Amino acid sequence: MIRPTKGKTPRRPAPKKPTNNQKDPVGVYCRVRPLGADDEECCVEVISSTTIQLHAPDGLKANRNGEFKETQYSFKKVFGIKTTQRELFEDVAKPLVDDLIHCKNGLLFTYGVTGSGKTHTMTGSPGQGGLLPRSLDMIFNSIGPYQAKRFVFKPDEKNGMEVQNQVDALLERQKRESQQSVPKTPSSRQKVDPEFADMISPEDACKCEGVDEDSSYSVFVSYIEIYNNYIYDLLEEAPFDPIKPKAPQSKILREDQNHNMYVAGCTELEVKSTEEAFEVFWRGQKKRRIANTQLNRESSRSHSVFIIKLAQAPLDADGDNVLQDKNQVNVSQLCLVDLAGSERTSRTRAEGSRLREAGNINQSLMTLRTCIEVLRENQMCGTNKMVPYRDSKVTHLFKNYFDGEGKVRMVVCVNPKADDYEETMLVMRFAEMTQEVEVARPVDRPICGFAAGRRQRNQAFKEELSRRLEERGGPVDGEPPSTLSQLQNLPPVPSCEISDPSDDLTLPRVIECMEKRMKMRQMFTEEYNKAANMLKSMLQDLDGKLLSKENFLHEQRGKLGEKDKMIQNQKNEIDRLEKKSKMLEYKIDILQKTTNIYEEDKRSLQQELDSREHRLQRELSEKKRMEARLHGMVSDEKLRWQKECERRVNAKELEMQNKLWVKDEKLKQLKAIVTETKTDSRPEKPQRPSREKDRVPAKRSASPSPVPTPVYTPSKVFRPAPLSPTTSSVSVASCISEWEQRVPQADRQGSPSPPQNRSRAQGLPNSLSRRRGRCWAKDCEVPDQPGDLEENSYRTTQPVRPMHRRSHSAGAERWVDHKPSTNVELDTVMQPNVPKAIKVTAPSEKALSKCDKYMLTHQEVASDGEIQTKLIKGDVIKTRGGGQAVQFTDIETLKQETPVAPSRKRRSSETGPNQDDKDGDWTDVETRCSVAVEMRAGSNLGPGYQHHGYPKRRKP
Ligand code: ADP
Ligand code: MG
């Protein structure tokens, strides 16, 4: 039944080329053939299922000085010498055939040195069919029951495929059958050409799973040879002229609307079985061989390309026929390429034009290598270099594969013989590099939107129908007659033969029948149109749905892409954070280490500190012990010295008492003399006082006062004998001076000096003090006032002659009150009140001449530290020369005492009692001063003080 296409389904937009990011590396397999009978040395060793090792042959090693060592090459899989063709097929070609049936392209080529087994691998030999016959067999085993009738699919000369209507297909079939008297397609395997009969054994038959049963398939094969960069169609039917063979015309490459490359005008033969296909191949092979022989070419230098195209289109909704829609036709192809032998020009020993050919052969292989290299570089480095596919026909033809139109696989064939070593190594390097190229993974193509299982439903329906028809022999009563049954029940056309001119019956009967048929035809047409319209609307419906689904799919893909991007971003973020955390961990590690070091330091320092503290403690306790010992020693010493001092003081006291006693005695004697003189009242030679030395010192019974009592001189002065200085007569002053000379040093320290000059006076050397004492005694001069009086006294070297006294009438005495300006006002209650006295601060001759009495108010520091005032009185005597002399007669002492003041001597130091005790040792001011200023060691004063003074010990 032929259904004319009425109207067109709205053209769908061409399905967008699905983008795919997944890539697969070029699958490179290695096959090692056994050594030939003549070959001895083997330079290839399979060391694992993926690695082979090349050994440099002995000769080469010697020549190249060991430069060539063992080199290893890894591949997806390595097939050793024992690998069968079937095993190889299972691994290498089967997946490609599978892809082919599932609308994906594939490219498989064999590569290697001539004689390495490329042809053996691809084509095989009788009983050992190669990849090509096995692939064909698998294809037909898989699609066998679903093949479309011949000529339903028709190549459109532009690498596309059309679906012919049934009528045209039928017509072509009839035409083909009429041309071929003998059917080419053998009905069974027994009838095949014995030359390749055993290429495919039935027991090796394998099949692809998951073939779409609702599609119709057709296989087309083409076979081309690329020789010297020319493409020849090996299946072209050219009238063969054995006498003058015509050189075959080369073909050109073109790009179809999908940018796929194809050989323009190349014969594509539809084949319906393995045998037919292989027969076609064999024909091409034969032709190639003949051409090579005729044109004197070497087949090893050409590339042979066998292209298997599989066209498939969905069945219509009824599951009856192939859907008449070119857009629904899918064409996939599997290219099986037996490349030319890879050898260098030198090895071919070609000359002249043959050499050029060889160069070209190598050129195309070189281009293949270059293309692979550039591809790899682009992919690995992200560059965008142009791949020089166009430089050779082979690469140009397969450019789409490398650009992602299908799977690419390569079988590298290796002949382990030593002769091939160097070339084999080059082949290996190229093959290994090829693996690094990645090719986009082909995606599943969209299939039509009809319900699945149409073919089976249709089959079942047909079976059911024929069964019913057989049963009933006509349309079932009561049921509307089906179109088919109605067609069968058309009223038979009556016989149209008119034998009689007056036959009026035949024609009207025919007319009636025709009219009936016409009516029925109209009815069928209407029915058909209705059904067609319905179908059309259904199709439109489905189209719409499909479109929306595609859009939906597209949207989802977009979303998926976004999600992918998000995931990628997050992954990057995670990576970044991980890096950061690693960094931080590293830092923490370092800090931890630093802390450990510091802690270690701290511990050691602590230990040191502890030990030092310990030492300090020890030293402190040692010091304390020493101190205690020293204290003990000091107190011992102090005690000893105290005792010593006491002893000495006692001794001194005794001595002094003795002296005093002597003096008392003398004074008594003197008094006695004076009273005697008075009573005599006449000048008499003064009696010489008894000398001390003459007297035996007697011990005094009563202890006299230690302070000498002031000698009271009566108004009458005894006069020493004039002009006789050597006389032994003694004046009171001389007595006093003598006494003073004998007083202990301690008493003399308080020699007459103003209080403010005390320290200076104390610092005076003893010799000076003594001299002054003498001066005082000799001339009775005021020591501090070396005025005229003194000078005068010295000038008058003669001793003063006793003069007459002034009249001593009551109240007639006049005094010179000599108070030196340096004296201190002491606020004493008892003040000398002398009427009509002439007050002077320095003795003046004028004042002395007017007066007959003289009084000197003299201040000095007493032994207890208090200032005591002495009133030294004397008589003014006129000297012979007209001057005046003062004869001292009396000393009054005024002394202040603080009621709380201790009777002891004042200390200059205010330190504690301990110190006081020690100070008891030093009694003289000089020593005390030195001690006060120069600190003693161990004093708690500042560190600036240094002990450099030694206490001055009093002479015992
Ligand atoms: P190429 O096509 O690479 O030049 P061939 O396929 O023509 O090499 O092989 C050369 C010879 O080596 C042939 O006679 C072939 O039968 C033999 N041969 C190649 N490979 C094998 C193999 N794996 N096992 C047995 N014989 C092989
Ligand atoms: Mg070959």
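Residues numbered from 1 in each chain as written. Chains lettered and ligands numbered in written order. Predicted model: local features only at pLDDT ≥ 70, side-chain atom pairs only at ≥ 80, totals over all residues. Heavy atoms only, no water.

J.: Report on the overall build of the protein, specifying residues and quantitative values.
T.: Scanning the protein from terminus to terminus reveals 22 helices and 26 strands. Taking contacts inside the protein between residues at least 6 apart in sequence as the whole, the part at least 24 apart equals 70%. Per element, the accessible surface of the protein, about 59,400 Å² overall, is 53% carbon and sulfur. (Helix = DSSP H or I, 4+ residues; strand = E, 2+ residues; numbered from the N terminus. Contact = heavy atoms within 4.5 Å. Areas by Shrake-Rupley, 256 points an atom, 1.4 Å probe, with all protein chains shown as cover.)

J.: Give me the site of ligand 1: which residues, what numbers.
T.: Close to ligand 1 lie R31, R33, P34, V113, T114, G115, S116, G117, K118, T119 and H120, which account for all nearby residues. Separating an oxygen atom of ligand 1 from a backbone N or O atom of S116 is a distance of 3.2 Å. A distance of 2.9 Å is found between an oxygen atom of ligand 1 and a backbone nitrogen or oxygen belonging to K118. When ligand 1 sits alone it has 550 Å² of accessible area, and the protein chains cover 66% of it. Among the elements that make up the shell around ligand 1, the one with the highest residue count is helix α3 (residues 118-122) (three residues). Classifying every residue of the shell around ligand 1 by side-chain character gives two nonpolar, six polar and three charged. (Near = heavy atom within 4 Å. Polar contact = N/O pair within 3.5 Å; in protein donor to acceptor, adjacent residues only side chain to side chain. Nonpolar A, V, L, I, M, F, W, Y, C, P; charged D, E, K, R; others polar.)

J.: I'd love a proper account of the side chain of T434, names of residues and values included.
T.: Within the secondary structure layout, T434 lies in helix α11 (residues 421-434). According to the relative accessible area criterion, T434 is buried, its value standing at 0%. Polar side-chain contacts of T434 include one of 2.7 Å to the backbone oxygen of F430. (Buried < 20%, exposed > 50% of the residue type's maximum accessible area, 1.4 Å probe, protein only.)

J.: Got a sec to walk through the pairing of strand β18 (residues 303-314)? Specific residues and values, please.
T.: Burial runs high along β18: twelve of the twelve residues are buried. Here strand β12 (residues 215-227) runs beside β18; their pairing, made up of twelve bridges, is antiparallel. From the neighbouring strand, S215 faces β18, where its bridge partner is P314. (Pairing = 2+ DSSP bridges.)

J.: Could you give me a rundown of the packing of aromatic side chains, with the residues and numbers involved?
T.: Inspection of the entire model under this criterion finds eleven aromatic pairs. Look at Y854 and F888: their rings are 5.9 Å apart centre to centre, the planes differ by 70 degrees, and that puts the pair in the edge-to-face class. Here the residue Y854 occupies a position in strand β24 (residues 853-861), and F888 occupies one in strand β26 (residues 884-895), the gap between them amounting to 34 residues. Judged by its relative accessible area of 1%, Y854 falls in the buried class. Linked through ring pairs, Y223, F278, F281, W282 and F306 together constitute an aromatic cluster. Here the basic side chain of R289 rests over the ring of W282, its NZ or CZ set 5.6 Å away from the ring centre. When the ring centre of F430 is taken as origin, the NZ or CZ atom of R369, which lies over that ring, is 5.8 Å away. (Phe/Tyr/Trp six-rings, centres within 6.5 Å; stacked < 30°, edge-to-face > 60°. Lys NZ or Arg CZ within 6 Å of the ring centre and 35° of its normal.)

J.: Give a detailed account of the sheet that holds strand β3 (residues 44-46), specifying residues and quantitative values.
T.: Pairing is antiparallel in the open sheet, where three strands are placed in the order β3-β4-β5. Every other strand in the sheet has two partners, leaving β3 and β5 (71-74) as the edge strands with one partner each. Taking the axes of each pair of neighbouring strands and ignoring which way they run, one obtains an average angle of 25 degrees across the sheet. Here β3 pairs with strand β4 (residues 51-54) via three bridges, running antiparallel. If you follow V46 over to β4, its bridge partner there is I52. Across the sheet, α11 is in contact with β4 and β5; its angle to β5 comes to roughly 40 degrees. (Axes fitted to C-alpha atoms, helices over the stretch in contact; angles between N-to-C directions.)

J.: Can you explain the packing of helix α2 (residues 85-101) against helix α4 (residues 131-143)? Please cite residues and give values.
T.: Relative orientation of the contacting elements α2 and α4 amounts to 45 degrees, with a least axis distance of 9 Å. Regarding the angle of α2 to α4, the classification is oblique. Crossing geometry of α2 relative to α4 is assigned as right-handed. Between α2 and α4, the contacting residues are Q85, R86, L88, F89, A93, K94, V97, D98, L100 and I101 on the first element and L131, R134, S135, M138, I139, S142 and I143 on the second. For the contact of α2 with α4, the residue count by class is ten nonpolar, three polar and four charged. (Parallel < 35°, antiparallel > 145°, perpendicular 65-115°, else oblique. Left-handed = near helix turned anticlockwise from the far one by under 90°.)

J.: Lay out the pattern of salt bridges in plain terms, naming residues and giving numbers.
T.: Oppositely charged side chains can form a pair if their charged atoms are brought close together. Scanning the model with the defined rule gives 33 salt bridges in all. The salt bridge involving K154 is made with E172; its shortest N-O contact spans 3.5 Å. A residue pair is termed long-range when its members are at least 10 positions apart, and K154 in strand β10 (residues 153-155) and E172 in helix α5 (residues 166-179) qualify at 18 residues. Residue classification places K154 among the partly exposed positions, given a relative accessible area of 33%. (Salt bridge = Lys/Arg side-chain N within 4 Å of Asp/Glu carboxyl O.)

J.: Tell me about the sheet that holds strand β25 (residues 867-878), and name the residues and values.
T.: Spatially, the five strands line up as an open sheet ordered β23-β22-β24-β25-β26, and their pairing is mixed. In the strand order of this sheet, the two ends are held by β23 (838-840) and β26, each with one partner. Ignoring strand direction, the axes of neighbouring strands in this sheet form an average angle of 25 degrees. Of the pairings in the sheet, the one linking β24 to β25 comprises nine bridges and is antiparallel in character. In the strand pairing of β25, E860 is matched with Q868.

J.: Describe the nonpolar core, naming the residues involved and giving the relevant values.
T.: The biggest cluster of nonpolar side chains holds 54 residues, and the ones touching the most others in it are I52, F75, F109, F398, F402 and M428. Considering each element in turn, this core owes the most residues, seven residues, to α11. The residues touching M428, leaving out its near neighbours within four places in the chain, are C30, I52, L54, Y73, F75, V412 and V414. Membership of the second largest hydrophobic core comes to 44 residues, among which are F89, A277, W282 and I308. (Core = buried A, V, L, I, M, F, W, Y, C linked by side-chain atoms within 4.5 Å.)

J.: Which residues make up a nonpolar patch on the surface, and what values do they have?
T.: There is a patch of nonpolar side chains on the surface, built from I498, L507 and I511 and spanning about 270 Å² of accessible area. Inspection of the secondary structure assignment puts I511 in helix α14 (residues 506-680). In this structure I511 comes out as partly exposed when scored by relative accessible area, which is 44%. (Patch = residues over 30% accessible without salt bridge, like charges linked within 9 Å, V, L, I, M, F, W, Y side chains within 5 Å.)

J.: Could you give me a rundown of the environment of H120, with the residues and numbers involved?
T.: Within the secondary structure, H120 is located in helix α3. Note on H120: relative accessible area 31%, which makes it partly exposed. Other than its neighbours up to four places away in sequence, H120 contacts R31, Q85, S125, Q128 and G130.

J.: Before we move on, could you go through a positive patch on the surface and cite the residues and values that matter?
T.: Together, R814, K836, K846 and K850 give the surface a local cluster of positive charge. Residue position: R814 is located in the loop between α19 (788-795) and β22 (815-818). (Lys, Arg positive; Asp, Glu negative; His and termini not counted. Charge placed at Lys NZ, Arg CZ, Asp CG, Glu CD.)

J.: Can you break down unusual backbone geometry residue by residue, with the values?
T.: The phi torsion at N159 lies on the positive side, around 70 degrees, for a residue other than glycine. Checked against the element boundaries, N159 lands in the loop between β10 and β11 (161-163). Residue N159 is classed as buried on the basis of its relative accessible area, which comes to 18%. Even without being a glycine, N229 presents a positive backbone phi close to 65 degrees. One can find N229 in the loop between β12 and β13 (230-233).

J.: Go over the environment of F402 with me, naming the residues and quoting the values.
T.: Tracing the chain through its elements places F402 in helix α10 (residues 399-405). Taking the C-alpha atoms as reference points, F402 and V26, 376 residues apart in sequence, are found 8.9 Å from one another. Apart from residues no more than four positions distant in its own chain, F402 is found in contact with V26, F109, I372, L375, Y389, V408 and V439.

J.: Could you give an account of the packing of α4 against helix α6 (residues 274-294), with specific residues and numbers?
T.: The N-to-C vectors of α4 and α6 enclose an angle of 150 degrees; their axes lie 9 Å apart at closest approach. Put simply, α4 runs roughly antiparallel to α6. Between α4 and α6 lies a crossing of right-handed hand. Note on element contacts: α6 touches α4 through T274, A277, F278 and F281, opposite L132, P133, L136, D137 and F140.

J.: Describe the environment of A238, and please don't skip the residues or the numbers.
T.: Considering the arrangement of structural elements, one finds A238 in the loop between β13 and β14 (250-251). For A238, a relative accessible area of 49% gives the class partly exposed. Linking A238 and P248, residues ten residues apart in sequence, is a C-alpha distance of 8.6 Å.

J.: Tell me about the pairing of strand β7 (residues 105-112), and name the residues and values.
T.: Among the eight residues in β7, eight count as buried, and that is most of the element. Side chains N105, L107, F109 and Y111 of β7 all project onto a buried face; the interleaved residues G106, L108, T110 and G112 project onto the opposite face, where all are buried too. For β7 and strand β20 (residues 406-414), the ladder comprises eight bridges, and the chain directions are parallel. Its bridge partner being in β20, L107 is matched across the sheet by V408. Looking at chain direction, β7 and strand β19 (residues 330-338) are connected through five bridges and run parallel. Paired with G106 across the bridge in β19 is L334.

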